[in-house]
Amino acid sequence: MDINDFRTFIEVSRTRHFGQAARNLCITQSAVSARIRQLEEALSKQLFTRQRNNIQLTPAGQQLLSYAEIITTAWSSARQTIGLSENNSASLLVGGLPGLWDILLQDWLHAIYAENDKIIIHAEIHGTEVLHRRILSGTLDLAFVYEAPVNDMLVIKAIADIPLNMVSSTAHRTAGETTAENYILVDWGTTFLNEHARHFPDIPAPVLHTDLGRIAFNFILHYGGGAYLAEPMCSEFIAQGKLHLVEDAPAFQRTAYAVYHEGNDKKAFILQQVEAVKAVRPAGVD
């Protein structure tokens, strides 16, 4: 079995499109089909239902997905660890939510590399469920999330409190006016979405819904509008008068957590990196 078969399966499951998966992997669509067919023949199970413009995982495909992630990540980890030269001090597999890379983790990555350029880091972006699953399976050393999982095998450390404020491209707007036109709903996690729905139960459909604050930030700067953004992301632009706080809108706060497995044999090194993240001041977006 070729490790690339599993990588291709993961990409098709992510894109739900054979052609797009082929473009992303820089191979032909026929190669994608051949790799999926090879997996299906080896398992004697159909992995996808193939209807026009509607490719979905079968129950067998859903089962295989978590194993495929473990297999591909374990292989990458093995190559990385075995490939450590005597000049390298350690390796770290880390994953985080997209927005946390923008606000916090990129600067942390720079800081730890500046302190120790012998470390080898494998950095990934995933959603909350995948990060939880990867930490439990041992295919990530360290994950950064907003929703802390409840599991006795996991160590959870709060690393930063991130204020979320409603901002607008137009000054002196109320929350009602801001949510009524060109409003962007940023998914800052389940807790935020529940609170947002409680405070704004009847707003019109947002012009854009995204799980990445940077997308909303850039959209507002180009086309105008409003959204809840992380304070570090927009404070400089508020000071310059390019963005404006919506004064009557409720402020929210998200706590970011570092999560790692209690049984990880790198635990002391991981804890050192968690403390390093806590020392980083959340940053804005260029």
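The structure this text deals with has already been given above.
Residues numbered from 1 in each chain as written. Predicted model: local features only at pLDDT ≥ 70, side-chain atom pairs only at ≥ 80, totals over all residues. Heavy atoms only, no water.

Draft legend 1. Quick peek at the overall build of the protein. Within the protein, the secondary structure is distributed over 11 helices and 11 strands. The dimensions of the protein, computed from C-alpha atoms along their principal axes, are 60 × 50 × 35 Å. In the protein, which comprises 286 residues, the proportion classed as buried is 44%. Partitioning the contacts of the protein with sequence separation of at least 6, the portion at a separation of at least 24 is 71%. Counting every atom, the protein has about 14,900 Å² of accessible surface; 50% of that belongs to carbon and sulfur. (Helix = DSSP H or I, 4+ residues; strand = E, 2+ residues; numbered from the N terminus. Buried < 20%, exposed > 50% of the residue type's maximum accessible area, 1.4 Å probe, protein only. Contact = heavy atoms within 4.5 Å. Areas by Shrake-Rupley, 256 points an atom, 1.4 Å probe, with all protein chains shown as cover.)

Draft legend 2. Expanded view of the pattern of salt bridges. Going through the model one piece at a time under the given rule, you end up with 11 salt bridges. Notably, a salt bridge pairs Glu69 with Arg133, separated by 2.7 Å at the nearest N-O pair. Taken together, the residues Glu69 in helix H4 (residues 59–82) and Arg133 in helix H6 (residues 128–137) connect sequence positions 64 residues apart. Look at Arg133 and you get partly exposed, because its relative accessible area is 30%. Between Glu262 and Lys267 there is a salt bridge; the shortest N-O distance is 2.6 Å. Among the residues examined, Glu262 registers a relative accessible area of 39% and is labelled partly exposed. Looking at Lys267, the relative accessible area reads 30%, which means it is partly exposed. (Salt bridge = Lys/Arg side-chain N within 4 Å of Asp/Glu carboxyl O.)

Draft legend 3. Here's a closer look at the side chain of Glu124. With respect to the helices and strands, Glu124 occurs in strand S4 (residues 119–125). For Glu124, a relative accessible area of 12% puts it in the buried group. Within the local environment of Glu124, its side chain forms a polar contact with the side chain of His126, the two groups lying 2.7 Å apart. When residues no more than four places from it in sequence are discounted, the contact partners of Glu124 are Val94, Gly95, Gly96, Trp101, Arg134 and Leu140. (Polar contact = N/O pair within 3.5 Å; in protein donor to acceptor, adjacent residues only side chain to side chain.)

Draft legend 4. Region of the structure containing the side chain of Arg254. Among the secondary structure elements, Arg254 is positioned in strand S11 (residues 252–261). With a relative accessible area of 6%, Arg254 lands in the buried category. Among the polar contacts listed, one links the side chain of Arg254 to the side chain of Glu147, at a separation of 3.3 Å. Engagement of the side chain of Arg254 in a polar contact is seen with the backbone oxygen of Trp188, the distance being 2.4 Å. Discounting residues that sit within four places of it in the chain, Arg254 has contacts with Tyr146, Glu147, Ala160, Asp161, Ile162, Leu164, Trp188, Gly189, Thr191 and Phe192.

Draft legend 5. Quick peek at the environment of Ala160. Its place among the elements puts Ala160 in strand S6 (residues 154–168). Remark: the alpha-carbon pair of Ala160 and Leu104, spanning 56 residues in sequence, is separated by 8.8 Å. If sequence neighbours within four positions are ignored, Ala160 has contacts with Leu104, Arg254, Thr255 and Ala256.

Draft legend 6. Geometry of the packing of helix H2 (residues 18–25) against helix H3 (residues 29–43). Two numbers describe how H2 lies on H3: the axes approach to 8 Å, and their chain directions differ by 105°. In terms of orientation, H2 lies roughly perpendicular with respect to H3. Contacts from Phe18, Gly19, Ala21 and Ala22 in H2 reach Gln29, Val32, Ser33 and Ile36 in H3. When its residues are assigned to classes, the contact of H2 with H3 shows 5 nonpolar, 3 polar and no charged. (Axes fitted to C-alpha atoms, helices over the stretch in contact; angles between N-to-C directions. Parallel < 35°, antiparallel > 145°, perpendicular 65-115°, else oblique. Nonpolar A, V, L, I, M, F, W, Y, C, P; charged D, E, K, R; others polar.)

Draft legend 7. Molecular detail of the pairing of strand S9 (residues 226–230). Taken across its 5 residues, S9 has 5 buried, putting it largely inside the fold. In this sheet, S9 lies alongside S6 in antiparallel orientation, the contact comprising 5 bridges. Its bridge partner lying in S9, Asn165 is registered against Leu229. Looking at chain direction, strand S7 (residues 183–186) and S9 are connected through 2 bridges and run parallel. Counted as the bridge partner of Tyr183 is Gly226 from S9. (Pairing = 2+ DSSP bridges.)

Draft legend 8. Examining the nonpolar core more closely. Among the nonpolar cores identified, the biggest contains 61 residues, and Trp108, Phe144, Ile159, Ile162, Trp188, Tyr228 and Leu229 are the most heavily contacted of them. Ranked by size, the runner-up nonpolar core spans 18 residues in total, among them Phe6, Phe9, Ile10 and Val32. (Core = buried A, V, L, I, M, F, W, Y, C linked by side-chain atoms within 4.5 Å.)

Draft legend 9. Geometry of a nonpolar patch on the surface. Side chains of Tyr67, Ile70 and Ile71 sit close together on the surface and give an oily, nonpolar patch of about 270 Å² of accessible area. Its location among the elements puts Tyr67 in helix H4. The exposed category is assigned to Tyr67, whose relative accessible area is 54%. (Patch = residues over 30% accessible without salt bridge, like charges linked within 9 Å, V, L, I, M, F, W, Y side chains within 5 Å.)

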